[in-house]
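Examining the three-dimensional arrangement
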Amino acid sequence: MIKKIAQGLKRVIKAGRTDEEFLEYLEELLIEGDFGVSVAGDVVSEFTNSVKNMRKLNRKELVGKLKDILKKDLLATSIEPEKNKLNLFLVFGVNGVGKTTTIAKMAHYYMQNYGLKEVVLSAADTYRAGAIDQLILWGERLKIPVVHQSSGADPGAVIYDSIASAKARKAELLIVDTAGRMHSRVNLVKELKKINKVVISNLLDGAYKKILVIDATTGQNALQQTEIFNEAIGIDAVVLAKYDSTAKGGVAAAVSKKLKIPFVFLGTGEKLEDLIPFDINVYLDNLLDIK
Ligand SMILES: Nc1nc2c(ncn2[C@@H]2O[C@H](COP(=O)(O)OP(=O)(O)OP(=O)(O)O)[C@@H](O)[C@H]2O)c(=O)[nH]1
Ligand SMILES: [Mg+2]
């Protein structure tokens, strides 16, 4: 999906606006595109200081300049599974953002790209009816085991079992699905804190990563979600899911800049293969339609 910011830039550059008009419009475009007020303000002041008479620059030069400025705000990371250890990825986020799908994609990605053979999934979303079956189905497609109990079971108990089972299998990676739906946000955070404790006290010499999934179509709301989860248990990396479904998509810049948390993957569709490492250049080239 072509992003609004790229379209807007094409329009304003073609119209040959004055510097002042261009900057005003650019700020609007950035805010509308979910980059957030802080990124928008910074971009405009950097532009003001460094470029005079924007009409003299062609589209490629102007967009390139914008890319250079935005690059400074973005953070990306990759998560490498540690060798000869049980790696545990705890995946969390509010309801419907794409957690369970992302978990299946990640299992696929790590088997394909890191040659992992023993990957186990853990169905610790015991809250939503159907959540366990959804993960079991992914497990069948991926031909990997899914540790689960019955619906309504204590997620901590599921994780305890999952760690024991993964260790017994000498698994390299255990990915834990968690509930996004709770009676309230407060309960969701409380539950996650409990889960975090269970992981810490049972994983011991394993490698633990806390991965938040946000939905690119929810805009600045995703920034607030990241803030809440980060305060609750800390976040190692964020996955920006449903990037294919939005014309905006700038929220990664807002999160990176404000919270200093890096992005690890971009979700680009509903299929197993639709997960790509978060590469700042690829991301910005797509947002700004740089070919
Ligand atoms: N287009 C698109 N759809 C996605 C992507 N990731 C997930 N989805 C879809 O989003 C919907 C919700 O995905 P789930 O993985 O069930 O989300 P969840 O966060 O586990 O949801 P709950 O368990 O209910 O909290 C499904 O229809 C997915 O196919 C993506 O990157 N792109
Ligand atoms: Mg789910």
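Quick caveat: nothing in here was measured; it's all calculated off a predicted structure. (Residues numbered from 1 in each chain as written. Chains lettered and ligands numbered in written order. Predicted model: local features only at pLDDT ≥ 70, side-chain atom pairs only at ≥ 80, totals over all residues. Heavy atoms only, no water.)

Another point: the pairing of strand β6 (residues 237-241). Burial of β6 is extensive: five of the five residues sit out of reach of the surface. Note: strand β5 (residues 207-215) against β6, five bridges, orientation parallel. Across the sheet, Ile211 pairs through a bridge with Ala237, a residue of β6. As a crossover connection, the stretch from β5 through helix α9 (residues 221-233) into β6 is right-handed. In terms of strand pairing, β6 meets strand β7 (residues 263-267) through three bridges, oriented parallel. What sits directly across from Val239, in β7, is Phe265. Handedness of the crossover is the feature at issue here: the chain leaves β6, passes through helix α10 (residues 251-259), returns alongside β7, and the resulting connection is right-handed. (Buried < 20%, exposed > 50% of the residue type's maximum accessible area, 1.4 Å probe, protein only. Helix = DSSP H or I, 4+ residues; strand = E, 2+ residues; numbered from the N terminus. Pairing = 2+ DSSP bridges. Right-handed = clockwise from strand over helix to strand, strands pointing away.)

Once that is clear, we can look at helix α2 (residues 19-32). Its 14 residues give α2 an end-to-end C-alpha distance of 20 Å, which sits within 8% of 20 Å, the value for a rise of 1.5 Å per residue. Residues of α2 that are buried: Phe22, Leu23, Leu26, Leu29 and Leu30. All buried residues of α2 project into a common sector of 125° when viewed along the axis, lining one side. Exposed and facing more than 90 degrees away from the buried side of α2 are Glu20 and Glu24. Buried residues belonging to α2 abut α1 (4-15), α3 (37-50) and α4 (59-71). Just downstream of α2, Asp34 is the residue with a positive phi angle, here 75°. (Expected span 1.5 Å × (residues − 1). Arc of directions from axis to C-beta. Contact = heavy atoms within 4.5 Å.)

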